[in-house]
Every structure is written in C-alpha cells, then in structure tokens.
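This is what each chain is made of:
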Amino acid sequence: MRLKLLAVVMGGAFLLLAGQRPDALPYFNTQARYSDVVIAHWPNALYLNQNGFAPWRETILAGQPFAANPLNKTAYPLQWFALLLPPALHLNLMVALHLLIAGAGMWRWTRLLGLRAESAALSALAYALAPRLTAHLGAGHLDIVYALAWWPWLMSAARLVVDSGKISSIFGLALAAALVLLADVRVSLYALATVFLYMLFMAGGRRRVWQRALGAGALALPMTASVIAPLLAWSPYLSRADLSAGEAGMLAIQPGHFLGLAIFPSPPGVETLVYGGLPALALALVGWWLMERRARALTAAGLVGAALYAMGANGPLWPMAVNLVPGLLWFRVPSRVWLIAALALPLLAGLGLERLLALAEGRRVILAVRRWRLAAAGLTAVVVALGLFALAVLKLPEAGVGALVFGGTSGAALLLALNGRLSARRLPTVWLALVFFDLVWFGTHWVTWRGPEVWLEPHRPLAERLIALNADRVYSPTYSLEQQVAEVYGLRLFGGVDPFQLVGIVQAVEQGSGVMSAGYSVIQPPIYGVQGDDLSSANRDAVMETGVLAAWRVSHVVAAYPISHPRLEWVDTVNGVYIYANRNYTPAPAERSVPDWPAGWPNLPDADTVNGLNRLTESAALVSAIGLVAAAGLFLYFALRTEG
C-alpha cells in the first residue's frame, strides 16, 4: 500500500511541477501558440456541457455531426462527467484520473506476471509518466492519453482470460477492449493487434482460450456501436476516405530519430518521439536480456517490427501493409505504432528491477557478470558521449543535461548493482528516484499549463464586436477567430480544425477561400505561407470568392492583415484583426434548417439523409450505453460470486 501511495504522490508531484491548475489547459511549453486541448477538447466539452448528446453542431466547419465524431468523445463514458463540470476542471480531472488509471493498470498487469510490489511500482510509475504519454498530453492529444491509460488493463484482462478462464475475465476483456476503442479509435488498432499477439504467445492454439476471446469480442461490439456504426454510416461523405499513401504516411519516424532513445528532442515532435527515459531503458535492457529465450526473441521481433512500421515510407513494412490492407490508410501517422514500445518499456523495466533484486538477494540470475559490467560501462559511455554531442553540436541543453545526468547515474547504479554494492532494500528506492526525476525532467520541459488569460480573454473584444455586427458565419484565413472562442460566443465558423471532415464542406471551403488544397489537411482551409505558429500572414495571396462565401451564409471575414477585395467592406479593426463585411451576403431567414447548407451542394447528404444519420447515431449511443452498463454489471456479479 505504501508503494501504491508513493507512486500516486509522484504522479501528483509531476502535475504540480508542470503547472496544472483547475482553470488551465496543457500546452507543449510556454512558447507554444496552440494546443489541441484548447482548440478541440475544451470546446467539445463545453458544447457537451451546454447541449448534452446533441447530434449536430453549427459552430465549426459550416456545421458537422457532433455525436458521430469520435474526437468529441460523447461515446466515452468518463467524458460524460462534462455534463456536470466546467470544461477546464473536467479535462484536468480527466488528465489526473487517466494517469492514475494508467499506473494502476500497469501495476495490475505486472503483479499478474508475478513481479513483486517494488518492481510493479516502478513499472507503474514509468508508464504513468512515460515520455510519449506526457508528450501527447502537452500536444493536447487527450484522446490518445485516455486510450493509453486503458491499454495495460486490456493486457492484464487478456492474461486472466488465458490463465483463469473465469466468466468474469471474458467480461473484463470485453470492457477493456471497448474502453480503448471508445477512447481513441486510432490507438485501438495497435492495442487490439498487440493483445491478439500477446494471447497467441500465451495460449497458442488452445481452442477454449480463443472461444473466450471471440466471446469477449462479440460482447465488445454493442458496447462500441456508438463509435463504429456512425463512423461507417458517415464514411462515404468523409474526406478521410480519399487519403493517399503520402498523406496517411506523414510524420513517420526517420532513422536519425532513434538517437532519441538517449537524447530527447525539443517539442513539438511528439509523433516521432522514441525516448522512454534512460533509467527505464537501462532496466528494460536488463529485463529483456534475462527473459526466457522464446519470450526475448518474440519481444525483440515485435519491437523491431514496430520500428519498421513506424518509419512509414522510410521503411519496408508500412508500404507493404497499406498495399495489402488499404483500410490502414484511415489511421494515418504510422509512427503511432511506437506506442507499443511506450507500453513495453515500463513493463521490461519492472522485469529488470526484479532481476537485479534477485541478484542482490544472492540468487544466481546473471551469468558472466564481468561481461555485464563491461556492457553497462560501454553503454554508459555511449550515452554520455551522446549527451555531450547534444550539448555541443545539436544545441539541445535539456536533452544533453538529461543524458549526462540520468545516463551517467543510471550506468553507475547498474554497475553498483552488478557489483553487489546496492542492497535489496536500497535498490528499489534508488531506481524509483532515478526513473521519477528523469521523467519529471523530460515532462516539465515538454508540458506546461496555461490559463484562459492566454487562450480566451485576449479574443473577447473581437468576439463581442462580431456579435454586435450580427455576424452569421465568419471566415478567417489567418485563424484569427479561434474555435474555443467561437464556441463560447456561439459564433459559426466557415472552416476549422477537425480530422472529421465532410468532402463537400472541404470543397466549399476551397472554393470560397481561394486556398487550393494540396491534399488532406486537418485544418480547413490549409495554412500556407507561414513560419512556425505565427499565422499572421497565412493565405495572404488567396483570392476569396465572396459569392460562394455568401451562399454559405458567410457575412464577415476577419484577418490579421488588410484585404483588398471589391466585395469586402472594411468595418473595424480590433486588436490588430481586420473585420470585413461580405457585400454579397443577404440576411438569412430567422428559422434555419439543419444542416444550414446551400441546397444541392455536391458531395453532401441532403437534410433527410442527415436526419436519418443522426437518428442512427442516437440509436447506436443507446445500444452502447446499455451494453456498457450490462457488461459492467455482469463483470462485477461474476467476479464477486467467484470470490464468494
């Protein structure tokens, strides 16, 4: 119990050191201009809080499905707390809760594998504060954080299905699989593939085990209907259906990125981040090498396979996979398969500590100790050299200092353990401290919290002026009216940031904005002519078609620069943002249709089809809710009956 409490305290200390507070939201660092949690998750939580499980939303992308969009998380049970709590408080509680869930899941999995409490605590800490997890937190990818939190629970549930065969274990596996998918569809691809291979390794061809697994899969289907059914129904209208291999393979890992195993880069390269922590990596190498030979070979093969796939078009595996299974293009960003390594490394680190503890207790678990000492000294020297390289050549002071300090101390601790100079009582304390301080060093350089005085209040005058002008829809080539601001003030945007895009809307934005798309982009219109996060000159050369904008009820255009256009009339300038009225616009009727689109616009469903899709979404949500409640109840019933 003391070790569990210590791990929780360490996780809380990290959040406090990173600056978490109830009204603030996570960013990469103090210089970052944007965060997905501000642009997407906070407005989504606000809309859910104010409108419940509404099937439709008008505030972004000229109107789009709300409940059917997996990014909005209306199907994820823990997101339902947004109905009761202010959005920022809700999201901060979700962050803290999911770090706790992640650590608890890793603790449970490692304990099922037979690790002692000290080793399990180290694995739990190394996973809950894993660099890839905290980097996604800094990017605002909360859905990925949520899914990662349930992944070790999925693995432990699979272990129980293989080992015990109890009915409760089948419901447990179904619930864990459903929660991963409801949290993030993209991560679920890798999580479900991993758990399948894990069960194949443990069970082989044992028919009863696979019958239980199929039963769990059948149970999970109705629980995930609220995501799967609407996504399939809307898929013919989505721009994602036309992804090319080049668009889907973006942000792949390049060979040089693997130097990041020892020296972590500066933000914002979260998708290509391979760093897992130097103390954790040192222990993981020990744990991996001392595994049973078959397990060691399969683990190595799995990690090498993940690395090759993560390289996308830079390697051989991903092109082959998408040619064989074109549906994989939907999942984009092949480097996310490296999340498998983010799961495996903390587990292997716990196994490594377990072996070092056995050595300290006098058991002969390591043969040829002298070779181990030489290997440890050699690897330490390599990491220290890379740290000096990061300082002198790459000009990465945080990474260089981290490699020197934590690479050096990890190597020293490993050499002391191999020489029998660390007792079994002191060993866990030393390694827990090394892992904690290394991950906090990384995390506090990648994640910080910023309040509404940064991401909301400065935009208030612009929003209030547009309301005073009775703005209908608003278009901004420079993203001067941000989504979180539009949501607060009920302003409707023509364009926006969301991966769930309708083809017809993308085409309308392209025609109206004059910004020609070079392929799939989560931002509509795409941003051209900028450097870094400064969008003040974005799309400056594009010539707007005000007639198309008027057809889509765009009454005003706002930009960070003056616009010369015969059909745009300057109205005002607010905090450096120019406001123009669209002379082609005519006021809309008081009663608006849903969706509020020009009649007959190509590649968009008509109103009756939209209403039918919305009804399907509502029915699927009801099926999922009933399935989740029933499965949770039956899991508890059978688990308690077995214990009784």
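It should be emphasised that the depicted structure is a prediction, and the values quoted were computed from it without experimental measurement.

The rules behind the values
- Residues numbered from 1 in each chain as written.
- Predicted model: local features only at pLDDT ≥ 70, side-chain atom pairs only at ≥ 80, totals over all residues.
- Heavy atoms only, no water.
- Phe/Tyr/Trp six-rings, centres within 6.5 Å; stacked < 30°, edge-to-face > 60°.
- Buried < 20%, exposed > 50% of the residue type's maximum accessible area, 1.4 Å probe, protein only.
- Helix = DSSP H or I, 4+ residues; strand = E, 2+ residues; numbered from the N terminus.
- Salt bridge = Lys/Arg side-chain N within 4 Å of Asp/Glu carboxyl O.
- Pairing = 2+ DSSP bridges.
- Contact = heavy atoms within 4.5 Å.
- Axes fitted to C-alpha atoms, helices over the stretch in contact; angles between N-to-C directions.
- 1 Å grid on protein atoms, 1.4 Å probe; cavity = no way out; pocket = protein on both sides within 12 Å on 5 of 7 lines; lining within 4 Å.
- Points joined across faces, edges and corners; volume = space filled by probe spheres on them.
- Nonpolar A, V, L, I, M, F, W, Y, C, P; charged D, E, K, R; others polar.
- Patch = residues over 30% accessible without salt bridge, like charges linked within 9 Å, V, L, I, M, F, W, Y side chains within 5 Å.
- Areas by Shrake-Rupley, 256 points an atom, 1.4 Å probe, with all protein chains shown as cover.
- Expected span 1.5 Å × (residues − 1).
- Polar contact = N/O pair within 3.5 Å; in protein donor to acceptor, adjacent residues only side chain to side chain.
- Core = buried A, V, L, I, M, F, W, Y, C linked by side-chain atoms within 4.5 Å.

**Student:** Explain the packing of aromatic side chains to me, using residue names and the numbers behind them.
**Tutor:** Tallied over the entire structure, the rule returns 24 aromatic pairs. Between the aromatic rings of F436 and F437, the centroid separation amounts to 5.2 Å while the plane-to-plane angle is 65°, which identifies the pairing as edge-to-face. Accessibility expressed as a relative area gives 9% for F436, which makes it buried. Residue F437 is classed as partly exposed on the basis of its relative accessible area, which comes to 49%. Their ring planes at 75° and their centres at 6.3 Å tell us that Y475 and F494 sit as a pair that is edge-to-face. Of the two residues, Y475 sits in strand β5 (residues 473-475) while F494 sits in the loop between β6 (492-493) and β7 (496-497), which places them 19 residues apart along the sequence. By the burial criterion, Y475 is buried, and F494 matches it.

**Student:** Can you lay out the pattern of salt bridges for me, pointing to particular residues and giving the numbers?
**Tutor:** What the rule picks out here adds up to 20 salt bridges. For D163, the salt bridge goes to R159, with nearest N and O atoms at 2.8 Å. Residue D163 and its partner R159 are located together in helix α6 (residues 142-163), separated by 4 residues, close to a single helical turn. For D184, the salt bridge is made with R186, and the minimal N-O distance between the two is 2.5 Å. Owing to a relative accessible area of 3%, D184 belongs among the buried residues under this scheme. Through salt bridges with shared partners, one network takes in E58, D472, R473, R492, R553 and D596.

**Student:** Describe the sheet that holds strand β11 (residues 577-582), naming the residues involved and giving the relevant values.
**Tutor:** Strands pair in a sheet through their backbones, by hydrogen bonds, and they do so in one of two ways: parallel or antiparallel. Taking strand neighbours across the sheet as the criterion, the 5 strands line up as β6-β5-β9-β11-β10 in an open arrangement whose pairing is mixed. Here the strands that pair on one side only, and so sit at the sheet edges, are β6 and β10 (568-574). Each of β5, β9 (554-559), β10 and β11 touches helix α20 (residues 460-468); the most contacted strand, β10, lies at about 140° to it.

**Student:** Tell me what's going on with the environment of L324, and back it up with residues and numbers.
**Tutor:** Mapped onto the elements, L324 comes out in helix α14 (residues 317-324). Remark: the alpha-carbon pair of L324 and V274, spanning 50 residues in sequence, is separated by 27 Å.

**Student:** How would you sum up the layout of surface pockets? Please name residues and give values.
**Tutor:** What the largest pocket holds in volume is close to 1400 Å³. D36, H141, V497, V522 and I523 are the residues nearest the centre of the largest pocket, which is lined by 47 residues in total. Put simply, the parts of the chain that give the lining of the largest pocket at least two residues each are α2 (36-51) and α6. A total of 4 residues in the lining of the largest pocket trace back to one element, the largest contributor, which is α2. Of the residues belonging to the lining of the largest pocket, the class tally is 26 nonpolar, 12 polar and 9 charged.

**Student:** Hey, could you go over the environment of L283 for me, with residue numbers and the actual values?
**Tutor:** Mapped onto the fold, L283 is located in helix α12 (residues 278-289). Residue class for L283 comes out buried when judged on its relative accessible area of 0%. Spatially, the C-alpha atom of L283 lies 8.8 Å from that of W431, the residues being 148 residues apart in sequence. For L283, the residues in contact, after removing those within four places along its chain, are L122, L348, A349, G352, L353, L356 and W431.

**Student:** Which residues make up a nonpolar patch on the surface, and what are the values?
**Tutor:** Nonpolar side chains collect at one region of the surface, where V304, L308, L317, M320, L324 and V325 lie side by side and expose about 530 Å² of accessible area between them. Of all the secondary-structure elements, those providing two or more residues to the nonpolar patch are α13 (293-310) and α14. The greatest single-element share of the nonpolar patch, amounting to 3 residues, is contributed by α14. The topology assignment puts V325 in the loop between α14 and α15 (339-360). The exposure class assigned to V325 is partly exposed, which follows from its relative accessible area of 43%.

**Student:** Tell me what's going on with α13, and back it up with residues and numbers.
**Tutor:** For α13, built from 18 residues, the straight-helix expectation of 26 Å at 1.5 Å per residue is met to within 8% by its first-to-last C-alpha distance of 26 Å. Along α13, the residues that are buried comprise A295, R296, T299, A306, A307, Y309 and A310. Where α13 is buried, its residues touch α8 (185-203), α12, α14 and α15. Taking the backbone nitrogen of R294 as reference, a side-chain oxygen 3.0 Å away marks E292 as the first, capping residue of α13. The first or second residue beyond α13 is G312, which carries a positive phi of 55°.

**Student:** Describe in detail the nonpolar core, supporting the description with residues and values.
**Tutor:** W151, M199, W431 and W552 are the most contacted members of the largest nonpolar core, which totals 199 residues. Considering each element in turn, this core owes the most residues, 15 residues, to α6. Beyond its immediate stretch of four places on either side in the chain, W552 contacts A62, R473, F494, I505, A508, W597, P598, W601 and L604.

**Student:** Report on unusual backbone geometry, specifying residues and quantitative values.
**Tutor:** P525 follows Q524 through a cis peptide bond whose omega is -5°. The residue P525 is located in the loop between β8 (523-524) and α23 (546-551) in this model. With phi around 55°, Y479 is a residue other than glycine that occupies positive phi space. Located in the positive-phi region is N575, a residue other than glycine, with phi close to 50°. Locating N575 in the fold gives a position in the loop between β10 and β11.

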